[in-house]
Amino acid sequence: MLANSLVELDRAHLIHPVASWRGHEAAGVRLLASGKGARVRDAQGHELIDGFAGLWCVNAGYGQDSVVEAATQQMRELAYATGYFGLGSEPAVRLAARLAEAAPGDLDHVYFTLGGSDAVDSTVRFIRYYWNARGMPGKDQFISLEQGYHGSSTVGAGLTAISSFHAGFGVPYDWQHKIPSHYSYRNPAGSDDAAIIEASRAQLLAKVAELGGPERVAAFYAEPIQGSGGVLVPPKGWMRAMRDLCAELDILFVADEVITAFGRTGPLFACEEEGIVPDLITAAKGLTSGYVPMGAVFMSDRVYQVIADGAGAAAVGHGYTYSAHPVSAAVGLAVLDLYEGGLLENGRRMGARLMEGLRGLGDHPLVGDVRGRGMLAAIELVTDKAAKTPLPAASQPATRIFDRAWDQGLVIRAFGWGVIGYAPPLCCTEEEIDLIVARTRKVLDLTLEDPDIRAALR
C-alpha cells in the first residue's frame, strides 16, 4: 500500500526529467528502494543488475561504506562552506589538488559545479571572458557535434545536438553551430578510420570558414565518446586530430568528459587514451559516483593565466552557492580512493569482458553493430544488416526494450532508434557481466518474436 501511495504522490507532484509528462502520469513511477554493489531492488523486491550505473554515474557501485562515512563525518564537522569572500574548506582544497595532479598536462586549475550541465555553462562563460581578456571579443561562435550531448541547461541544450532538447525551448542560439558526428556505423565517408577523420577535419574547417574564419570561432566541444547520441565511438586518432586542428586555428578545445571520466572507459580520463591535453575538460557523474551532486571544470594553466591577468584586481563574476561544497568534496575524495584502490583496474578487466560478451551477440539477427570502450558500450539493432535498417519507429523500441530488460532483471539505456546502451558500475563481478550479456540475449530473442519485428525482417 505504501508503494501505491507513493506512485500516486509522484503522479500528482514530481516532475521527472526528460519524460513525457502525460505518458508518465499514465504509466506511473518505478520506485527503486535499495542498492548494493552493481544491483538494485525496486519497491516490490525485484532485484536487477544496474547495467547503466544510474545515469552513467554510479561508477563505484551502490552502498560503499567508506563513501557514506566520509559524507557523514563531513556533515558533522562542517556541513557547508562558501567559496565566496576568499573562504573555503579542507576537502575542497584537497580534492582540487588531487584532481589537478591526476589530470592530463597543465590542467592544473579546477572550478567545482553541481553537475555536468552547469560545468558546460561555466566553460562558455570562462571562454568568453578569455577571448575578451585577449582583446578578441569577435571570437564568439561555438561549434559542437551533431548527436552530441552537453547538458540540458539553456546554454548547454543549445550545444547539445539532440532534437528533443531543442523542440519548444528556443535553442540553439545563433552563435551555436554543429558539424556532423564521426558516427562510424553510418558515416557517409565510409568505415575507414582515416577517411572519417579527414572528413571531420574538413567539416570543421568548412564550418569555421562559413562563420568568418578562426577570428570568429571561440571553441569546439567534443565528447571522447558521444554518450546520449548512442554511445558513438570515434576512430582511434580522431580526438587527437581535432584537438591538433583547433590548436592550429587558435580555437579552444573542450573535452566533455561528464560521462567518460573516472574509469568509465578505463583510465581516470578518456583523453589519456590519445595522449591529448584539452584547453578545458568538463566532468561530473563519476566524480562522486552519483552519491551527491558535483561537477568540475578543469582549466589549463594557459587559459587560467589569461583570465586572471585580464581581471586583475577585479572579481571574475561567475559563481554558484554550492560550488566546492565540502560534503560533495569529501565524497569525491573517498570515491577517488576507491578508484585508485582497485576499482579502475577491476573496471578495465570487466570492461574487456563486457565488450567480448556483447560482441558475441553479433550473430543475432537483430544486431547490426556492437561498439564501446571499457565499461561504456552499445548494441545497435536493425532489421536488415546489409542495409542497416533501423527498427520500425512504430514498434516503440525504447519503451519495449527497456520494459523487457527490466522484466529480465536488467537496467539498460534504450534509445528511441533501437540502440541499447550499457555503462555498468566498475565494481561488477565476472558473474554480473555475464548476466548482463545473457539477459540481453534473452531480450533480443523475445524482441525477435514480436510480429511487427518479424514482418520488418521479412
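In the block above lies the structure referred to throughout.
Residues numbered from 1 in each chain as written. Predicted model: local features only at pLDDT ≥ 70, side-chain atom pairs only at ≥ 80, totals over all residues. Heavy atoms only, no water.

**Comments concerning the layout of surface pockets**
This is how the line gets drawn: In this analysis the probe radius is 1.4 Å and the grid spacing 1 Å, with only protein atoms considered; a cavity is a set of points the probe fits into but cannot get out of, a pocket is an open set with protein on both sides within 12 Å along at least five of seven lines, and lining residues have an atom within 4 Å of a point. Grid points are joined across faces, edges and corners, and a volume is the space filled by probe spheres set on the points. The way it works is that DSSP assigns letters per residue, a run of H or I at least four long becomes a helix, a run of E at least two long becomes a strand, and they are numbered from the N terminus. Side-chain classes are defined by residue name, with Ala, Val, Leu, Ile, Met, Phe, Trp, Tyr, Cys and Pro counting as nonpolar, Asp, Glu, Lys and Arg as charged, and the others, Gly among them, as polar.
The space that makes up the second largest pocket amounts to roughly 900 Å³. Taken together, 33 residues form the lining of the second largest pocket, with Gly-83, Val-110, Tyr-111, Tyr-304 and Ser-323 sitting closest to its centre. When contributions to the lining of the second largest pocket are tallied by element, the ones reaching two or more residues are helix H5 (90-102), strand E4 (109-113), strand E10 (295-299) and helix H10 (301-311). Grouping the constituent residues of the lining of the second largest pocket by class yields 22 nonpolar, 10 polar and one charged.

**Some words on the sheet that holds strand E6 (residues 176-179)**
Convention followed: Only when DSSP finds a minimum of two bridges between them are two strands counted as paired. Here the axes come from fitting lines to C-alpha atoms, over the contacting stretch only for helices, and the angles between their N-to-C directions go from 0 to 180 degrees. Between two residues, a contact is recorded if the distance between any of their heavy atoms is within 4.5 Å.
Pairing is mixed in the open sheet, where seven strands are placed in the order E4-E10-E9-E8-E7-E5-E6. Two strands bound the open sheet, and with one partner strand each, they are E4 and E6. Neighbour to neighbour, the strand axes of the sheet diverge by 20° on average, direction disregarded. The pairing of strand E7 (residues 217-222) with strand E8 (residues 252-256) spans four bridges and is classified as parallel. Opposite Tyr-221, over in E8, you have Val-254 as the bridge partner. On the sheet, helix H6 (residues 116-133) packs against E4, strand E5 (141-145), E7, E8, strand E9 (280-283) and E10 and is oriented at approximately 155° with respect to E7. In this fold H10 packs onto E4, E8 and E10, with an angle of close to 90° to the strand it touches most, E10.

**Structural notes on the environment of Leu-145**
Tracing the sequence through the fold places Leu-145 in strand E5. Put simply, Leu-145 and His-318 are 173 residues apart on the chain and 26 Å apart in space, counted from C-alpha to C-alpha. Beyond its immediate sequence surroundings of up to four residues, Leu-145 is in contact with Ala-161, Lys-178, Ile-179, Pro-180, Ser-181, His-182, Phe-220, Tyr-221, Ala-222, Gln-226 and Trp-238.

**Section: the packing of H5 against helix H11 (residues 326-359)**
The criterion, for reference: Our angle categories are set so that under 35 degrees counts as roughly parallel, over 145 as roughly antiparallel, 65 to 115 as roughly perpendicular, and the remainder as oblique. Helix crossings fall into two classes, left-handed where the near helix is turned counterclockwise from the far one by less than a right angle and right-handed where it is turned clockwise.
Running from amino to carboxyl end, H5 crosses H11 at an angle of 40°, the nearest separation of the two axes being 8 Å. Put simply, H5 runs oblique to H11. Viewed along their axes, H5 and H11 form a crossing whose handedness is left-handed. The segment H5 lies against H11, with Pro-91, Ala-92, Arg-94, Leu-95, Arg-98 and Leu-99 engaging Pro-326, Ala-329, Ala-330, Gly-332, Leu-333, Leu-336, Asp-337 and Glu-340. Of the residues that constitute the contact of H5 with H11, the class distribution is nine nonpolar, one polar and four charged.

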